[in-house]
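Fold and contact review
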Amino acid sequence: METTTASDTAFSPLYRIGAVSNLCGVPVATLRVWERRYGVVEPPKTEGGQRLYSERDVLKLTLLKNLTQQGHAISSVGNLPVKQLQAMLNEHRAARS
């Protein structure tokens, strides 16, 4: 199980949804659906309702995008931990080599 500490910069909220969309190549609307339907990430929100994503959220969303492009359903991979997502992506890459 992954633990989060307040001083861990990988978990500090840094990015708004538009920046995350650009960084991981997932449309804003898709990010919202993935969050609402599948609970893939739970970014905190500002008082004004802006989502603030961490580096770890961006990493997870990028991995999920790559895996869904490989044919995995978001519903089956959305709640997996980052380490497992990375391992799955590495297996796909190794199988193509």
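Model, not experiment: these values are computed from the prediction.

1. As for the environment of Asn66
You can see Asn66 is positioned in helix α3 (residues 55–69). Along the backbone, Asn66 and Leu89 are 23 residues apart, and their C-alpha atoms lie at a distance of 7.5 Å. Ignoring any residue separated from it by four or fewer positions in sequence, one finds Asn66 in contact with Leu89 and Arg93.

2. Concerning the side chain of Ser21
Checked against the element boundaries, Ser21 lands in helix α1 (residues 17–24). Polar contacts involving the side chain of Ser21 include one to the main-chain carbonyl oxygen of Val26, which spans 2.7 Å. Discounting chain neighbours no more than four positions away, the residues touching Ser21 are Val26, Pro27, Val28 and Leu31.

3. Overview of the pattern of salt bridges
Inspection of the entire model under this criterion finds 1 salt bridge. Ionic pairing is found between Arg51 and Glu35, a salt bridge with its closest N-O pair at 2.6 Å. Taken together, the residues span a long stretch of sequence, with Arg51 in the loop between α2 (28–38) and α3 and Glu35 in helix α2 at a distance of 16 residues. In terms of burial, Arg51 and Glu35 fall into one category: buried.

Cut-offs used in this document
- Residues numbered from 1 in each chain as written.
- Predicted model: local features only at pLDDT ≥ 70, side-chain atom pairs only at ≥ 80, totals over all residues.
- Heavy atoms only, no water.
- Helix = DSSP H or I, 4+ residues; strand = E, 2+ residues; numbered from the N terminus.
- Contact = heavy atoms within 4.5 Å.
- Polar contact = N/O pair within 3.5 Å; in protein donor to acceptor, adjacent residues only side chain to side chain.
- Salt bridge = Lys/Arg side-chain N within 4 Å of Asp/Glu carboxyl O.
- Buried < 20%, exposed > 50% of the residue type's maximum accessible area, 1.4 Å probe, protein only.

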